[in-house]
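Results of the structural survey
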Amino acid sequence: MRIYKVGGAVRDRLLGIPVTDIDWVVVGATTEEMLAKGFRPVGADFPVFLHPKSGEEYALARTERKSGRGYGGFTFHASPEVTLEEDLIRRDLTINAMAEDDQQNLTDPYHGQRDLEARLLRHVSPAFAEDPLRVLRVARFAARYAALGFTVAPQTLELMRQLSESGELEALTPERSWKEISRALMEDQPQVFIEVLRACGALKVLMPEVDALFGVPQPPAHHPEIDTGAHTLSVLQQAALHKQPLTVRWACLLHDLGKGLTPEEEWPRHIAHEFKGLKLIKAVNERFKTPRDCQELAMLVGEYHTHGHRALELKPSTLLELLQSFDVYRRPQRFEEFIAACEMDARGREGLEQRSYPQADYLRGAATAARSIAVQPLLEKGFKGPELGEAIKRERLKALKAYKEQV
Ligand code: CTP
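These lines cover the structure that appears in this document, whether it is placed above or below. (Residues numbered from 1 in each chain as written. Predicted model: local features only at pLDDT ≥ 70, side-chain atom pairs only at ≥ 80, totals over all residues. Heavy atoms only, no water.)

1. Quick word on the site of the ligand
Definition in use: Distances are taken per atom, and a residue is near a molecule or strand as soon as one of its heavy atoms is within 4 Å of it. Any N or O atom pair separated by 3.5 Å or less is treated as a polar contact, with the protein-specific requirement of one donor-capable and one acceptor-capable atom, and with residues adjacent in sequence counted only for side-chain atom pairs. Note that accessible areas follow from Shrake-Rupley with a 1.4 Å probe, and for residues the cover is restricted to the protein chains shown. The helix and strand labels rest on DSSP assignments: H or I over at least four residues marks a helix, E over at least two residues marks a strand, and numbering proceeds from the N terminus.
As a structural note, the neighbourhood of the ligand is formed by 14 residues, with R11, D92, D131, R144 and R183 the closest of them. At 2.8 Å, a backbone N or O of D92 approaches an oxygen atom of the ligand. The side chain of R140 places a nitrogen or oxygen atom 3.0 Å from an oxygen atom of the ligand. Contact with the protein chains covers 80% of the free accessible surface of the ligand, which is 570 Å². Listed by contribution, the elements that provide at least two residues to the shell around the ligand are α1 (8-15) and α5 (133-144). Considering each element in turn, the shell around the ligand owes the most residues, five residues, to α5.

Structure, rendered in C-alpha cells:
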C-alpha cells in the first residue's frame, strides 16, 4: 500500500500557509488491510478510516460516478487497482488535486502547481459537476484566497453557471450548504463569496432575496455607494475587517433584504423596509436551517438597525422598548452583537468607513442604565406579579430619562 498526503494540506504547504488538517489517500489497499492495521472505519458513504494514533483521515483511492440527484446519488468504486491519478481526477479543483509522498515528491497530473502560480481556481475535469456543492466551495476558496490574487477560471465559472441553471443546487441539503456558507462568511473577504455566487447565477438560486438587492438604489445622501447590493457587500467586508463573529456577519448580509421589495416608484426611499424584510430573513434562515443564534440576531438586526442609527434621537420610551425587545437584562451579549452589526452597517458606506459611530457607546450606556434598576427594593415595597413588571419598567424609564439628559 502507498500513502499520500492530498488536497488542502498539499495546496496550503505549497502556498506557504499553515496546514491544519491533513487528508491522506491510500492506494493499493483493501478495507480488510486497513482494519488489520488498526485504522477505525468512519462514514457510511465512503471507505474512509481514522488513523489509530493521529486521528487523521485516510481514504482508499476511489472513483466516483453520479447516479442521481443530490449527494446521495453517488456510486463509488474503491479497490486496490484504483490509481492515484484516477482518484485525483474526480476532485474539485486542480489546486486540490495534488498528492505528495513522504519524501515530498509531488504527483500533479492536472497541473495544480501551474494554477497555484497563475492564481487560478480551475476545475479538474467535467466530474466537477457531479457534486453541486462545489459551486459553493469554489466561491469559498475565492473568498479565502482573494488576498493572494486568486480568481475563478472563466471555464470553471461557466461550469458553475451551468450547474446553477440546471436546478442541481436545489438538491443540496441545508446542512451542507450552511456549512459552506458559514465557513465562507468567516473568511477575511466574505464579500468575494457572494460576488462569485452572483457571477455564476448561484446567488439567484440560493438566496434570491440577496440577489435582488443588486440594482436597487438608495438615497445618495446617506448612501454614496447608492446600490443596495454593493452596500451589503461593503457591510460584510467591514464585519470581516472588524473580526466580527458569524452571528454578526450573517445579520449584516441579511439586514436590508426588505429594500428588495420596495416598488420602483418609491426608489430610492425604502419606507418600512426593516419590517417588510422580516419575512424574507425568516425564509432564508429556514432554507439553510441556520443556527438559532444566527436566526435571532438576523431578525433583530433586520427589524431594529435603523433604531440603532437613530439611537441618540430616540425617546426614552422607544429606547426602553428597544432594550426590552433585546432582553438586554438576560442577553447582554446579543445586544452587543446588535450594536456591532449596526456599526458595520454604518461603516459599510462608500467614503464613510472611518467615521465614528457614537451610537454604539450611547446604546451601551442606555443598556447599563436600564440594567441598574434593582428588583429587590420594589419587592420590599410590596409589588408583585404584573404590577412588579410595570414598576420595574417605570424605574427603567426614569433611569433612561436621566441618562438621556446627562449624556
Ligand atoms: N473534495 C472534492 N469535492 C468536495 C469536497 C472535497 O473534490 N465536494 C476533495 C478536494 O480534493 C479537497 C479534499 O477533497 O482538497 C479535502 O476536502 P476538504 O477537507 O473539505 O477541503 P480542503 O481542500 O482540505 O480545504 P479546507 O482547507 O477548506 O479544509
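This is not the end of the story, as more comes after the structure.
2. Thoughts on the environment of M299
We apply this condition: The rule is simple: take the accessible area with a 1.4 Å probe, protein chains only, and divide by the maximum for that residue type; under 20% is buried, over 50% is exposed, in between is partly exposed. Note on contacts: a residue pair qualifies if any of its non-hydrogen atoms lie within 4.5 Å across the two residues.
Inspection of the secondary structure puts M299 in helix α15 (residues 292-309). On the basis of relative accessible area, M299 is assigned to the partly exposed category, the value being 26%. Spatially, the C-alpha atom of M299 lies 17 Å from that of H309, the residues being ten residues apart in sequence. Not counting chain neighbours up to four residues away, the residues in contact with M299 comprise L278, I281, K282 and N285.

3. Some remarks on the side chain of R349
For clarity, the threshold we go by: Only four residue types enter the tally: Lys and Arg on the positive side, Asp and Glu on the negative side, with His and both chain ends excluded. A side-chain nitrogen of Lys or Arg and a carboxyl oxygen of Asp or Glu constitute a salt bridge if their distance falls within 4 Å.
Tracing the chain through its elements places R349 in the loop between α17 (332-347) and α18 (359-371). There is no salt bridge for the buried R349, and the closest opposite charge comes from E225, which lies 6.1 Å off by N-O distance. Polar contacts involving the side chain of R349 include one to the main-chain carbonyl oxygen of A346, which spans 2.8 Å. Every residue in contact with R349, bar those within four places of it in the chain, is listed here: H222, H223, P224, E225, H231 and R355.

4. Quick look at the packing of α18 against helix α20 (residues 385-406)
In helix packing, the relevant descriptors are the interaxial angle and the interaxial distance, both defined with respect to the helix axes. Note the following rule: Axes here mean lines fitted to C-alpha atoms, for a helix over just the part in contact, with angles spanning 0 to 180 degrees between N-to-C directions. Helix crossings are classified by the rotation of the near helix relative to the far one: an anticlockwise turn of less than a right angle makes the crossing left-handed, while a clockwise turn makes it right-handed.
Remark: α18 packs on α20, axes separated minimally by 8 Å, with the N-to-C direction vectors making an angle of 140 degrees. Note that α18 runs across α20; the crossing there is right-handed. Only R396, A399, L400, Y403 and K404 of α20 make contact with α18, whose side of the interface consists of D361, Y362, G365, A366, A369 and A370.

5. A closer look at α18
Applicable threshold: Helix span is expected to be 1.5 Å times the residue number reduced by one.
With 13 residues, α18 extends 18 Å between its outermost C-alpha atoms, agreeing within 8% with the 18 Å of an ideal straight helix rising 1.5 Å per residue. When α18 is considered as a whole, its buried residues turn out to be Q359, A360, Y362, L363, G365, A366, A367, A369 and A370.

6. Observations regarding α17
For α17, with 16 residues, the first-to-last C-alpha span of 23 Å sits near the 22 Å given by 1.5 Å per residue. Among the 16 residues that make up α17, 13 are buried, leaving the element largely enclosed by the rest of the structure.

7. Describing the pattern of salt bridges
Under the definition given, this model contains 25 salt bridges. Residues D115 and R122 are paired through a salt bridge, measuring 2.9 Å at the closest nitrogen-oxygen approach. Residue classification places D115 among the buried residues on the basis of a relative accessible area of 1%. For R122, a relative accessible area of 22% translates into the label partly exposed. Between D131 and R176 there is a salt bridge; the shortest N-O distance is 3.0 Å. Residue D131 is found in the loop between β10 (120-121) and α5, and its partner R176 is found in helix α7 (residues 174-185); the two are separated by 45 residues along the sequence. Here D131 matches R176 in class, with each residue buried.

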